[in-house]
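A look at the structure
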Amino acid sequence: MNDSGRAQAFSDGVFAVAITLLILEIKVPLNAGDQLWQELGHQWPSYAAYVVTFLNIGIMWVNHHTVFAFVERVDRALLFLNLLLLMGVVALPWPAALVADYLTEGHEGGSVSAWTGSHAARITVAIYGGFMVYHGILFQTVWLHLTRTGNLFYPRVDVAAARATRWRFGLGIAIYPTTVGLAFLSAPLTLALHGVLAVYYALNQIPVPVIEDRA
């Protein structure tokens, strides 16, 4: 296995750990008895945070796999950038747990709108958005590093065309900061927006251009 393959295998392991940790935040209701269905229903923020974060980690893994499939070798800078990216990935279960715990805080008293969420709920979703900003910056930085000279790619990669796709990888830097601000308007809707963005990135993929594609 070459150095690129080792980096990808290590990264796959980190993604697998992060995505597995998510389910541990969904707790089994204890001693619920006849109220089990009701107790399970009360945990809907945990289900929402799980699904949205699973989608986000999943599409990050797909993008990471797609990029590294065209990387023939790695340098020290790429390894450190990749580590910084993975540091954010493995931490995502934490903001997901925050959202699950605080998304519906205060609803029982009737003073908090279900559309906006409590102040604590808006803070947690803003923190979640901050993590997505971090990932957007790191993905863009990795892509900028790879396309700067192109010497880490396999020869079949069209480096000039790859540079032209930088806007696609940098799109998250423009979009995700807005979710931080929107979180203070509506925590539940902003969390849903994160899920929509993950689906968008899953369906709207720009492949790494290769020279054979021009034939």
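I will try to describe carefully the structure that is included in this document. (Residues numbered from 1 in each chain as written. Predicted model: local features only at pLDDT ≥ 70, side-chain atom pairs only at ≥ 80, totals over all residues. Heavy atoms only, no water.)

Evaluated as defined, the whole model comprises five aromatic pairs. Taken together, a centroid distance of 5.8 Å and an interplanar angle of 45 degrees make the contact between Y50 and F54 tilted. In this pair, Y50 and F54 are both assigned in helix α3 (residues 44–68), four residues apart and thus about one turn of the helix distant. Here F54 falls in the partly exposed class, since its relative accessible area comes to 36%. With a centroid separation of 6.1 Å and an interplanar angle of 50 degrees, the aromatic rings of W94 and F131 are classed as tilted. On the criterion of sequence distance, the pair formed by W94 in helix α5 (residues 93–102) and F131 in helix α6 (residues 119–149) is long-range, its members being 37 residues apart. Among the aromatic residues, those joined into a cluster by ring pairs are Y176, Y200 and Y201. (Phe/Tyr/Trp six-rings, centres within 6.5 Å; stacked < 30°, edge-to-face > 60°. Helix = DSSP H or I, 4+ residues; strand = E, 2+ residues; numbered from the N terminus. Buried < 20%, exposed > 50% of the residue type's maximum accessible area, 1.4 Å probe, protein only.)

One way to put it is that α3 packs onto helix α4 (residues 76–91) with a least axis distance of 12 Å and a crossing angle of 165 degrees. It follows from the interaxial angle that α3 and α4 lie roughly antiparallel. Like other packed secondary-structure pairs, α3 and α4 cross with a definite hand, here left-handed. From α3, I57, M60, H64 and F68 reach across to α4, where they touch L78, N82, L85 and V89. Taken together, the residues of the contact of α3 with α4 break down into six nonpolar, two polar and no charged. (Axes fitted to C-alpha atoms, helices over the stretch in contact; angles between N-to-C directions. Parallel < 35°, antiparallel > 145°, perpendicular 65-115°, else oblique. Left-handed = near helix turned anticlockwise from the far one by under 90°. Contact = heavy atoms within 4.5 Å. Nonpolar A, V, L, I, M, F, W, Y, C, P; charged D, E, K, R; others polar.)

What follows deals with helix α1 (residues 3–21). Compared with an ideal rise of 1.5 Å per residue, which puts 19 residues at 27 Å, α1 spans 27 Å between its outermost C-alpha atoms and is within 8% of the ideal. Taken together, the buried positions of α1 are S4, A7, Q8, S11, V14, F15 and A18. In a view along the axis of α1, the buried residues occupy a sector of 125 degrees, so they form one face of it. Where α1 is buried, its residues touch α3, α4 and α5. (Expected span 1.5 Å × (residues − 1). Arc of directions from axis to C-beta.)

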